[in-house]
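# Topology and contacts: notes
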Amino acid sequence: VQLQASGGGLVQDGGSLRLSCASSGQLSSGYALGWFRQAPGKEREFVATIRWGGGHTYYRESVKGRFAISRDKAKGTVSLQMDSLKPEDTAIYYCAAAPRPILSTLSAESSYHYWGQGTQVTVSS
């Protein structure tokens, strides 16, 4: 599985951006496709993930109500719509794929075996 992320950029506080991640290779229904981010000087952290089969979504608390993850199975893509962006959302965002993760490990980096290159998101105040 190879992943290619796109859609980052510079936006003002309160603005919106949409990230996309295109996958190549076969994704079975057991996969989860997710987004992580890493801010300067900080650890990489989970943002959101979606079950490839059933479409169930999961978010970190600080982005609930502002971010929405979705997938297009026909196109093999996963997107992250980010609204009401804040300066603290500034980070490099990575998409990743986890083969058959269990619920309790959906937010763990170690569950994700395939990673795309990062895309920079900068929110100015």
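Shown above is the structure to which this text applies.
The rules behind each value
- Residues numbered from 1 in each chain as written.
- Predicted model: local features only at pLDDT ≥ 70, side-chain atom pairs only at ≥ 80, totals over all residues.
- Heavy atoms only, no water.
- Pairing = 2+ DSSP bridges.
- Helix = DSSP H or I, 4+ residues; strand = E, 2+ residues; numbered from the N terminus.
- Axes fitted to C-alpha atoms, helices over the stretch in contact; angles between N-to-C directions.
- Salt bridge = Lys/Arg side-chain N within 4 Å of Asp/Glu carboxyl O.
- Buried < 20%, exposed > 50% of the residue type's maximum accessible area, 1.4 Å probe, protein only.
- Core = buried A, V, L, I, M, F, W, Y, C linked by side-chain atoms within 4.5 Å.
- Contact = heavy atoms within 4.5 Å.

Spatially, the four strands line up as an open sheet ordered 1-3-8-7, and their pairing is antiparallel. Of all strands in the sheet, those with a lone pairing partner are strand 1 (2-6) and strand 7 (67-72), marking the two edges. For this sheet, the mean angle separating the axes of adjacent strands, direction not counted, is 15°. Bridging between strand 7 and strand 8 (residues 77-82) involves six bridges; their strand directions are antiparallel. Bridge pairing in strand 8 places D72 opposite T77.

Within the structure shown, the criterion is met by six salt bridges. Among the salt bridges present, the one from R60 reaches E45, with a minimum N-O distance of 3.5 Å. With R60 in the loop between strand 6 (57-59) and strand 7 and E45 in strand 5 (residues 45-51), this pair connects stretches of sequence that are 15 residues apart. R60 gets classed as partly exposed once you look at its relative accessible area, which sits at 24%. The exposure class assigned to E45 is partly exposed, which follows from its relative accessible area of 27%. The salt bridge partner of D89 is R66, with a shortest N-O separation of 2.8 Å.

Counting residues in each nonpolar core, the largest one holds 28 residues, and the members touching the most others are L33, W35, V47, F67, L80, M82 and Y93. Among the elements that take part in this core, strand 9 (residues 91-98) stands out by supplying four residues, more than any other. F67 has contacts with R37, V47, Y59, L80, Q81, M82, D83, L85, D89 and Y93, leaving out every residue within four places of it along the chain. Counting seven residues, the second-largest nonpolar core is a separate cluster that includes F36, A96, L106 and Y112.

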